[in-house]
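# Summary of structural features
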Amino acid sequence: MSNLKLSTYISEENIQKKVKELGQAISAKYKGKDLVAVCILKGSFVFFSDLIRHIDSDVQCEFFGVSSYHGGMSSSGEVKVTLDLAHPIEGKDVLLVEDIVDTGLTMNYLKAAMLSRKPKSLITVTLLEKPDALKVPCEVDYVGFKIKNDFVVGYGLDYQGLYRNLPYIAQVQSLN
Ligand code: 5GP
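Because the structure is a prediction, the values reported are computed rather than measured. (Residues numbered from 1 in each chain as written. Predicted model: local features only at pLDDT ≥ 70, side-chain atom pairs only at ≥ 80, totals over all residues. Heavy atoms only, no water.)

## Things to note about the packing of helix H1 (residues 12-29) against helix H2 (residues 45-52)
- At a minimum axis distance of 9 Å, the contact between H1 and H2 shows a crossing angle of 55°. When the axes of H1 and H2 are compared, the pair comes out oblique. Helix-helix and strand crossings are classified by hand; for H1 and H2 the assignment is right-handed. Contacts between H1 and H2 involve Gln16, Val19, Leu22, Gly23 and Ile26 on the former and, on the latter, Phe47, Asp50 and Leu51.
- Of the residues contributing to the contact of H1 with H2, the split by class is five nonpolar, two polar and one charged. (Axes fitted to C-alpha atoms, helices over the stretch in contact; angles between N-to-C directions. Helix = DSSP H or I, 4+ residues; strand = E, 2+ residues; numbered from the N terminus. Parallel < 35°, antiparallel > 145°, perpendicular 65-115°, else oblique. Left-handed = near helix turned anticlockwise from the far one by under 90°. Contact = heavy atoms within 4.5 Å. Nonpolar A, V, L, I, M, F, W, Y, C, P; charged D, E, K, R; others polar.)

## As for the site of the ligand
- Near the ligand, the surroundings consist of 18 residues, among which Thr103, Thr106, Lys130, Val152 and Asp158 are the closest.
- Interatomic distance of 2.9 Å between a backbone N/O atom of Gly104 and an oxygen atom of the ligand.
- Protein chains shield 93% of the accessible area of the ligand, which is 510 Å² for the free molecule.
- Elements represented by at least two residues in the shell around the ligand include exactly strand S5 (93-101) and helix H3 (105-115).
- A breakdown of the residues in the shell around the ligand according to their chemical character gives seven nonpolar, five polar and six charged. (Near = heavy atom within 4 Å. Polar contact = N/O pair within 3.5 Å; in protein donor to acceptor, adjacent residues only side chain to side chain. Areas by Shrake-Rupley, 256 points an atom, 1.4 Å probe, with all protein chains shown as cover.)

## Notes on the state of the cysteines
- Taken as a whole and assessed by the stated rule, the structure comprises zero disulfides.
- Between Cys39, a free cysteine, and Cys61, which holds the nearest cysteine sulfur, the sulfur-to-sulfur gap is 8.2 Å.
- Given a relative accessible area of 0%, Cys39 falls into the buried group.
- Classification of Cys61 by relative accessible area gives partly exposed; the value is 34%. (Disulfide = S-S within 2.5 Å. Buried < 20%, exposed > 50% of the residue type's maximum accessible area, 1.4 Å probe, protein only.)

If you want it as structure tokens, here you go:
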């Protein structure tokens, strides 16, 4: 298919275990409250759909699209909004669900974009974080896995639009 080599980075089993733990921790935090979960497209749709099924609250789902990598392997630092929320989040308890925090620029942009809409509260969760890649301070409430500064795909994450459907996370290496 391509001259890229994929190797398993985080197994499906370990992802599912972690997602369940995150869901349980978030459920404990939101006990008895209604929640608006915001899925950041496209990368977090797989994580989002598994995570919300482990959240034991009334959850409304919203979708917010951004593009920051433009299909390559390094962040442009520029965030382009590709889809806005369909409903207001003012006065709501909001959970922002991201796939990965790399430089931190996208997460900070997203937090500011959500806070400008005056939610009652905002908490953030990311499946992956690359602490060594951060270019700006970036606080995230719940982090699934801290990983090295490697480019990964699968479980929603793509390379040039591909590999989002892998049930595990893989590292991509070019064979050239
Ligand atoms: P940041 O603004 O933190 O540099 O980048 C965040 C966005 O870049 C993520 O939402 C994701 O779309 C993309 N990204 C960052 N690191 C990776 C990676 O290792 N693999 C893939 N596929 N996308 C990444």
